[in-house]
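What follows is the residue order along each chain.
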Amino acid sequence: MKVLVTGGAGYIGSHAVKELLKAGHEVVVLDNLANGHQEAVDKRARLIVGSTSDPDILLKVLRDDKIEAVMHFAANIEVAESVSDPHKYYTNNFSNALTLLEAMKTAGVNKLVFSSTAAVYGNPVKTPIEENQSLSPINPYGRSKMMTEMAIEDYRNAHGLGFAILRYFNVAGADPEAHIGEDHKPESHLIPRILAGANNPEVEVKIFGTDYPTHDGTCVRDYVHVMDLAHAHVLALESIKAGEGDIYNLGSESGFSVREVINACEKVTGKKLKIVEEARRAGDPATLIASSQKIKNQLHWKPKYPSIKTIVQHAWNWHQSHPDGFRTRSINPEALSQKHDNAKALSF
Ligand SMILES: NC(=O)c1ccc[n+]([C@@H]2O[C@H](COP(=O)([O-])OP(=O)(O)OC[C@H]3O[C@@H](n4cnc5c(N)ncnc54)[C@H](O)[C@@H]3O)[C@@H](O)[C@H]2O)c1
């Protein structure tokens, strides 16, 4: 299939591009590079620098490139920023998604894979969270995604759009070859933040709350390897039928506590981290885990890298070979292949 990937220069989108190419699809990326990196886009894909806010660019690429399906990753992703600047999130995540949907309708493109989020559930009523749990997002980021989900369903009802909505939990890790990885500025995700501080003994790793009703007292969260997530996108894409849609959670199901993640980081990096235990933060649920049974049963998704150590190892390989992210100038290929051997040794 010929696939347009919006946000394909970003963290998850660039890994999805790689997986799409591996599966034999042709890829065009549309990214405004606001938070993405040109270097993250596989050379076999065509990169168009432009915004989903621009209906002319969208229509042109959908028509000229004879696009058959769209994977829509382009969005802003910082929950805290969405609280202080809701306009940015409703505009980019929701309004620009409407512009995309309308361009797809006009161009006759009727297959869409949409990046949604666990944030649409808000505080879980029950865990593991299943897809039919009621939606009750607690911040503008989550609400902007929920509204887009609703619009997608309305486009199915009105115009026969076929779709797969994928709700991810915490995405982590990197391409096992360490060519691409996570490079967010600012970085708000736990694993890359810990790894960025691993070489600096002064950097504190804070644990908020050690008295939760979990096996070790710290919060439990669901992590999924970015390549497993990318593979799920390909499976979802290939399953879409015009006029039909489905929603899938993507997580690891078991979850890992904050302490387990920190232990994995210490093991993989061989560094002792400076841990600081603090009081609970308001609004942090003890456990947030997805049920991913639906995608496993219906699309036969089987995560290849479920171990937290492998997830951290791949993130660490990327971090070490690209200490300044995509701005890292020269990468020593020998050092890289050595790290790949380490990765193999540590893949459990
Ligand atoms: N990272 C996670 O853990 C996580 C969890 C749940 C959901 N998601 C969702 O996955 C998607 C990708 O997240 P990510 O972590 O790769 O983020 P990212 O910031 O790395 O990637 C987003 C990309 O979209 C581009 N972009 C933003 N607005 C655009 C626009 N208007 N036009 C064109 N390009 C635009 C950015 O430049 C960037 O390259 C997002 O939709 C996010 O909400 C991510």
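Given the structure is predicted, the values throughout are model-derived calculations rather than measurements. (Residues numbered from 1 in each chain as written. Predicted model: local features only at pLDDT ≥ 70, side-chain atom pairs only at ≥ 80, totals over all residues.)

Asker: I keep staring at the packing of helix H6 (residues 190-197) against helix H8 (residues 258-269) and nothing clicks. Help me out?
Answerer: Two elements in contact, H6 and H8, have axes separated by 11 Å at closest approach and are oriented at 40 degrees. With respect to H8, the axis of H6 lies oblique. With respect to the hand of their crossing, H6 and H8 are arranged in right-handed fashion. Taken together, the residues of H8 that come into contact with H6 (itself represented by Leu190, Ile191, Ile194 and Leu195) are Val261, Ile262, Cys265 and Thr269. Considering only residue class, the contact of H6 with H8 consists of seven nonpolar, one polar and no charged. (Axes fitted to C-alpha atoms, helices over the stretch in contact; angles between N-to-C directions. Helix = DSSP H or I, 4+ residues; strand = E, 2+ residues; numbered from the N terminus. Parallel < 35°, antiparallel > 145°, perpendicular 65-115°, else oblique. Left-handed = near helix turned anticlockwise from the far one by under 90°. Contact = placed C-beta atoms within 7 Å. Nonpolar A, V, L, I, M, F, W, Y, C, P; charged D, E, K, R; others polar.)

Asker: Help me understand the packing of helix H1 (residues 11-22) against helix H7 (residues 226-239), please; the structure alone is not making it clear to me.
Answerer: Packed helices, taken two at a time, are described by the angle between their axes plus the distance between the axes. One can describe the packing of H1 onto H7 by two numbers: an axis separation of 8 Å at closest approach and a directional angle of 60 degrees. On the basis of their axis angle, the class for H1 and H7 is oblique. Crossing handedness for the pair H1 and H7: right-handed. Contacts between H1 and H7 pair Ile12, His15, Ala16, Lys18, Glu19 and Leu20 from the former with Val226, Met227, Leu229, Ala230, His231, His233 and Val234 from the latter. Here the contact of H1 with H7 is built from residues that sort into eight nonpolar, three polar and two charged.

Asker: I'm lost on the pairing of strand S6 (residues 162-168) in this one. Help?
Answerer: In summary, the side chains of a regular strand alternate between the two faces of the sheet. Counted residue by residue, S6 has six buried out of seven residues, so it is predominantly covered. Both strand S5 (residues 111-117) and S6 contribute to a ladder of seven bridges, which runs parallel. By the bridge assignment for S6, Leu112 is matched with Phe163. As judged from the six bridges shared by S6 and strand S11 (residues 245-250), these two strands associate in the parallel manner. Paired with Tyr168 across the strands is Leu250, a residue of S11. (Buried ≥ 20, exposed ≤ 12 C-beta atoms within 10 Å, placed from the backbone. Pairing = 2+ DSSP bridges.)

Asker: Got a minute to help me understand the environment of Val258 in this structure?
Answerer: In this structure, Val258 sits in helix H8. For Val258, a count of 24 C-beta atoms within 10 Å gives the class buried. Measuring from C-alpha to C-alpha, the distance between Val258 and Ile207 comes to 7.1 Å, with 51 residues separating the pair along the chain.

Asker: What is the right way to read the site of the ligand from this model?
Answerer: Close to the ligand lie 29 residues, the nearest being Gly7, Gly10, Gly36, Ala74 and Ala75. Looking at the shell around the ligand, the elements that each hand over two or more residues are H1, strand S2 (26-31), helix H4 (86-107), S5 and strand S7 (170-172). Residue contributions to the shell around the ligand peak at three residues, all from H1. Taken together, the residues that form the shell around the ligand break down as twelve nonpolar, 16 polar and one charged. (Near = placed C-beta within 6 Å.)

Asker: Teacher, can you tell me more about H8 here?
Answerer: Helical geometry note: an α-helix holds 3.6 residues per turn, so side chains three or four residues apart project in the same direction. End to end, H8 covers 16 Å across twelve residues, agreeing with the expected 16 Å (1.5 Å per residue, within 8%). The set of residues buried in H8 consists of Val258, Val261, Ile262, Ala264, Cys265 and Val268. The buried side chains of H8 occupy one side of the element, clustering within an arc of 160 degrees when seen end-on. A positive backbone phi angle near 70 degrees is found at Gly270, which sits one or two residues after H8. (Expected span 1.5 Å × (residues − 1). Arc of directions from axis to C-beta.)

Asker: Explanation requested: the pairing of strand S4 (residues 69-72) in the structure shown.
Answerer: Where burial is concerned, the two faces of S4 agree: the one with Ala69 and Met71 and the one with Val70 and His72 are both buried. In this structure, strand S1 (residues 2-6) lies alongside S4, joined through four bridges in parallel fashion. Paired with Thr6 across the two strands is His72, which belongs to S4. Sheet analysis places S4 next to S5, joined by three bridges and oriented parallel. The residue of S5 that forms the bridge with His72 is Phe114.

Asker: How do you make sense of the sheet that holds S4 when you look at a structure like this?
Answerer: Strand pairing in a sheet relies on backbone hydrogen bonds, with the paired strands running either antiparallel or parallel. One open sheet holds the seven strands; their spatial order is S3-S2-S1-S4-S5-S6-S11, and the pairing between them is parallel. In this open sheet, the two strands that pair with only one neighbour each are strand S3 (46-49) and S11. With direction set aside, neighbouring strand axes in the sheet form an average angle of 20 degrees. Lying on the sheet, H7 is in contact with S1, S4, S5, S6 and S11; it crosses S6 at an angle near 160 degrees.

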